[in-house]
Amino acid sequence: MYWQVLLTTVGGTTAYGKRERMMSLNAAACKMAGTLGCGTLVPKVRPIVHKGRFGMAMDLAEGIEMFEFAGKESSPGGITMAQVCASLKSQDPAARKLALQAAGELLQKVTDLSWLDLLCGQGDRHSGNYLVQVDGATGSASVTAIDNDMSFPRYRTGLTRFSLDSGSVRAFEDQFKGQLRNGPLPGVKRKEDGTLEVDVALAPYDVVAWLRSHKGLNSFGQLPAVMSESMYKRLMDLDDEQIAVIKADLLGQMPEPNAQATADRLKELRAAAKSYEASGKVVADGDWMNRDVRDRIRDNTAKNDWLASEGNESSDVIHERVDSASSDYCRRDLFDMLTYDQEPGNG
């Protein structure tokens, strides 16, 4: 559980320093979650004055880190992934019903979080900075994203696209000079001003791995397999004028280029929502444990697991790559939930 108060002196520095940036970007992430209709995914942030110092208070985030939820046999105050998966295969109809509800809510909420992180340009999402809680009595599940301050960079020019400035271009060309002799690399585009744009949805693994290291990122998402109906509806309600208002509001939390990049990603997300609806990838509440939905999420996770295609890594390493690279945020334990046999008692 987390509760945080971030303080700075009233009437003090106006610089965009590290502490001020941390406060501002957590507030911006909270606003973006509200924009997408998934406000419960990010703790509420509000301004406070305490003993003459101004800052922001962040609500208590309930639950345990995902890696603990997925790795522990039991947890005080809730149930774990192991218990959910066991109940999915139970002979007890009541236990299976609660497990189906919990599993469906988890899939929807981690998918919503995937889209939210793409919108925010999150570069630090991993299984240690989002919390999960499942109520064993009701089957209700919650997912809460914490540590949202490594987000909203200006170089995230699209949901899966990164811009490289002149210094980064030189480092990139030095790293891949041998491969570049044979022509442009997939997913890498040179712009008119000489900078490069890398699309991690199209680029080969070695380019993605270099970008991740060069930018100091713990993770960046790929496009999820599906989208929740509630998020789709919120995006369809947005027009360009409303997005302009959202951008103007973000200027209170970040510089103009960062706010503009976020507005551009929001427009791209709205276009993606239309495409997903047209191709039958929008999932209604209550349908998240349908086999076709689970198959799509599972297959998308495998597609984004580049190490698996290399065939030269251990199973443990491959599944850790799924955790860090997949937009579905699936650890190995979630595969049981995605692939369980719907007939009770069968694995």
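Our next topic: the pattern of salt bridges. Per the stated rule, a full pass over the model turns up 11 salt bridges. Among the ionic pairs, aspartate 117 bridges to arginine 125, the shortest N-O distance being 2.8 Å. Summarising the burial analysis for this pair, aspartate 117 and arginine 125 share the class buried. In this structure, aspartate 295 engages arginine 298 in a salt bridge whose closest nitrogen and oxygen atoms are separated by 3.1 Å. Note that aspartate 295 and arginine 298 are positioned in helix α11 (residues 291-303) at a spacing of 3 residues, about one turn of the helix. In this structure, a network of salt bridges that share partners links the residues Arg161, Glu197 and Glu268.

This paragraph deals with helix α8 (residues 229-236). Buried within α8 we find Met231, Tyr232 and Leu235. One face of α8 carries all of its buried residues, which in axial projection span an arc of 105°. Tucked inside the fold, the buried residues of α8 contact α4 (93-120), β10 (227-228), α10 (256-278) and β11 (282-283).

Quick look at the packing of aromatic side chains now. For the structure on display, the rule yields 5 aromatic pairs. Plain terms: the ring middles of phenylalanine 172 and phenylalanine 176 are 4.9 Å apart, the flat faces sit at 45° to each other, and that makes the pair tilted. Of the two residues, phenylalanine 172 and phenylalanine 176, neither departs from the other in class, the shared state being buried. Taken together, a centroid distance of 5.4 Å and an interplanar angle of 70° make the contact between phenylalanine 172 and tryptophan 210 edge-to-face. Of this pair, phenylalanine 172 sits in helix α5 (residues 166-175) while tryptophan 210 is found in helix α7 (residues 205-215), placing the two residues 38 residues apart along the sequence.

An order of β7-β9-β8 is seen for the 3 strands of this open sheet, with the pairing classed as antiparallel. Where the open sheet ends on each side, the last strands, each with one partner, are β7 (161-164) and β8 (188-190). Taking each pair of neighbouring strands and ignoring which way they run, the sheet shows an average axis angle of 20°. Two strands pair when backbone bridges link them, and β8 and strand β9 (residues 196-199) are joined in this way by 3 bridges, in the antiparallel orientation. Looking at β9, one finds that arginine 190 is bridged to leucine 196. α7 rests against β7, β8 and β9 of the sheet, and its axis sits at about 60° to β7.

Calculation notes
Residues numbered from 1 in each chain as written. Predicted model: local features only at pLDDT ≥ 70, side-chain atom pairs only at ≥ 80, totals over all residues. Heavy atoms only, no water. Salt bridge = Lys/Arg side-chain N within 4 Å of Asp/Glu carboxyl O. Buried < 20%, exposed > 50% of the residue type's maximum accessible area, 1.4 Å probe, protein only. Helix = DSSP H or I, 4+ residues; strand = E, 2+ residues; numbered from the N terminus. Arc of directions from axis to C-beta. Contact = heavy atoms within 4.5 Å. Phe/Tyr/Trp six-rings, centres within 6.5 Å; stacked < 30°, edge-to-face > 60°. Pairing = 2+ DSSP bridges. Axes fitted to C-alpha atoms, helices over the stretch in contact; angles between N-to-C directions.

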